[in-house]
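# Breakdown of the fold
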Amino acid sequence: MTLPPQVTDRAFARLAEINESADAPQALRVAVDGGGCSGFQYEIRLDVAPEADDLVLEKDGQRVFVDSISLPFLSNAVIDFSEELIGARFVINNPNATSSCGCGTSFSM
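Below or above, wherever it landed, is the structure these notes cover. (Residues numbered from 1 in each chain as written. Predicted model: local features only at pLDDT ≥ 70, side-chain atom pairs only at ≥ 80, totals over all residues. Heavy atoms only, no water.)

## Quick word on the environment of I79
In this fold, I79 is placed in strand β6 (residues 78-84). In this structure the C-alpha to C-alpha distance between I79 and I92, which are 13 residues apart in sequence, comes to 4.7 Å. In contact with I79, not counting residues within four places along its chain, are P5, Q6, V7, T8, A11, L28, V30, V64, V91 and I92. (Helix = DSSP H or I, 4+ residues; strand = E, 2+ residues; numbered from the N terminus. Contact = heavy atoms within 4.5 Å.)

Have a look at this one:
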């Protein structure tokens, strides 16, 4: 069964922290592009408004946008926020990826 990606409470909380100091509310945009060392790569950035074909995931006023082209690649995935000794970042736990590179932003299917 194909399900849309889920966003963890931790990811929404980090987005809320980012928006506390922003001039205007921003959303997290998650997309999949061709490229990277494994065939596909994630693009994660801040955005202000959804596109017409975006899936909008929302909680407590925070929003995450996923475009319709990327959606099949992110089926059943989990969008999270991770803080480790090497840094803090939004991460994707994608059950569709058959392999990924060490950076965590490139994967193959």
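Now that the structure has been shown, we can carry on.
## With respect to the pairing of strand β5 (residues 62-66)
Counting buried residues along β5, four of its five residues qualify, which places the element largely inside the surrounding structure. Bridge count for strand β2 (residues 27-34) against β5 is three bridges, and the pairing is parallel. Its bridge partner being in β5, L28 is matched across the sheet by V64. Across five bridges, strand β4 (residues 55-59) lies against β5 in antiparallel orientation. The residue of β5 that forms the bridge with V56 is F65. The antiparallel pairing of β4 with β5 creates a hairpin that spans two residues between the two strands, and D60 there sits at a positive phi of about 50°. (Buried < 20%, exposed > 50% of the residue type's maximum accessible area, 1.4 Å probe, protein only. Pairing = 2+ DSSP bridges.)

## Topic: the sheet that holds strand β7 (residues 87-93)
A sheet is described by the order of its strands in space; here three strands give the open sequence β1-β6-β7, paired in mixed fashion. At either margin of the open sheet sits one strand with a lone partner, and together these are β1 (6-7) and β7. Across two bridges, β1 lies against β6 in parallel orientation. Counterpart to Q6 in the pairing with β6 is V78. Set on the sheet, helix α1 (residues 9-20) makes contact with β1, β6 and β7; between it and β6 the angle comes to about 70°. (Axes fitted to C-alpha atoms, helices over the stretch in contact; angles between N-to-C directions.)

These results come straight from atomic positions and should not be treated as a statement about function.
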